[in-house]
Amino acid sequence: MLCQQCKKNPVAVNYIESINGNKIELHLCASCYLDMCGETSKKINNNLYAGFFSSSKPKLKSCAVCGTTYEDYERTGLLGCAACYDVFKDELIPSILRIQGKTEHVGKRGGKSDDLLLNVKLKELQKKLEEALRDKRFGEADAINRQINSIKKLGGGHNG
């Protein structure tokens, strides 16, 4: 919408007043508003004056590193960078607690890396077993076979 006065600049101030049923509307750019209001406008409190030209929307907290806002996170479910975790810590903690059950990362214990080591050990033992059987060392083959079975009982081994 263009200024009613100069018809060149975009409207910055919308002034609407109703006096005894008569409605007065002014839609002015910043320059025309200052010209029409003269000295009075210069004496207005800066906060009030700033309110005419600034958005009424409060500034959103955003990450200084990547610019992501919490509103962005809520919309996409993604944070922009590692610094976002510090910036939005207060907002994220309840969700992390609800989903993870705790807020500290303690790392993995056991799990897949142990299974991998057991599988490697199993393959080595199976090769030794095959060699012992091929060379007809049945006593050694029996001992190796018992080791293989004990590893499989631990749940770490898959046939393969």
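Residues numbered from 1 in each chain as written. Predicted model: local features only at pLDDT ≥ 70, side-chain atom pairs only at ≥ 80, totals over all residues. Heavy atoms only, no water.

S.K.: Before we go on, may I ask you to explain the state of the cysteines in this structure?
M.R.: Two cysteines, two sulfur atoms, one covalent bond between them: this is a disulfide. Summed over all chains, the structure comprises 0 disulfides. The cysteine Cys-66 is free of any disulfide, with Cys-84 supplying the nearest cysteine sulfur at 3.5 Å. With relative accessibility at 35%, the residue Cys-66 sits in the partly exposed group. (Disulfide = S-S within 2.5 Å. Buried < 20%, exposed > 50% of the residue type's maximum accessible area, 1.4 Å probe, protein only.)

S.K.: Explain helix H7 (residues 138-154) here, please?
M.R.: Each α-helix winds once per 3.6 residues, and so residues spaced three or four apart point in a common direction. For H7, built from 17 residues, the straight-helix expectation of 24 Å at 1.5 Å per residue is met to within 8% by its first-to-last C-alpha distance of 25 Å. Every buried residue of H7 is accounted for by Ala-141, Ile-144, Ile-148 and Ile-151. Projected down its long axis, H7 shows its buried positions confined to an angular sector of 85°, all on one face. Of the exposed residues in H7, the ones pointing more than 90 degrees away from its buried face are Phe-138, Gly-139, Arg-146, Lys-153 and Leu-154. (Helix = DSSP H or I, 4+ residues; strand = E, 2+ residues; numbered from the N terminus. Expected span 1.5 Å × (residues − 1). Arc of directions from axis to C-beta.)

S.K.: Please explain the nonpolar core as it appears in this structure.
M.R.: Generally speaking, a soluble globular protein has its nonpolar side chains buried in company with each other. Judged by nonpolar contacts, Leu-122, Leu-125, Leu-129, Ala-132, Ala-141, Ile-144, Ile-148 and Ile-151 together constitute the single largest core of 8 residues. Counting residues per element, the ones that place at least two in this core are helix H6 (112-134) and H7. Those residues within four positions of Ala-132 in sequence are excluded, and the remaining contacts are Arg-137, Ala-141 and Ile-144. (Core = buried A, V, L, I, M, F, W, Y, C linked by side-chain atoms within 4.5 Å. Contact = heavy atoms within 4.5 Å.)

S.K.: Is there a simple way to think about the pairing of strand S2 (residues 22-28) in this case?
M.R.: Within a regular strand, the side chains alternate between the two sheet faces. As judged from the 7 bridges shared by strand S1 (residues 13-19) and S2, these two strands associate in the antiparallel manner. Note that in S2 the partner of Ile-16 across the bridge is Glu-25. Hairpin connection of S1 to S2: 2 residues between the antiparallel strands, including Asn-20 at a positive phi of 50°. (Pairing = 2+ DSSP bridges.)

S.K.: Even after reading the chapter, I still don't get the packing of aromatic side chains, so can you show me in this structure?
M.R.: Each aromatic ring pair is characterised by the separation of its centres together with the angle its planes make. Evaluated as defined, the whole model comprises 2 aromatic pairs. The interplanar angle of 40° and the centroid separation of 5.5 Å between the aromatic rings of Tyr-70 and Tyr-73 together place this pair among those described as tilted. Remark: Tyr-73 and Tyr-70 occur in helix H3 (residues 70-76); sequence separation between them is 3 residues, near one turn of the helix. Centroid distance Tyr-70 to Phe-88: 5.9 Å. Interplanar angle 50°. Geometry classified as tilted. Highlighted residues: Tyr-70 in helix H3 and Phe-88 in the loop between helix H4 (83-87) and helix H5 (89-100), separated in sequence by 18 residues. Accessibility assignment for this pair places Tyr-70 and Phe-88 in one class, buried. In this structure an aromatic cluster arises from ring pairing among Tyr-70, Tyr-73 and Phe-88. (Phe/Tyr/Trp six-rings, centres within 6.5 Å; stacked < 30°, edge-to-face > 60°.)

Read these as spatial facts, not as claims about activity.
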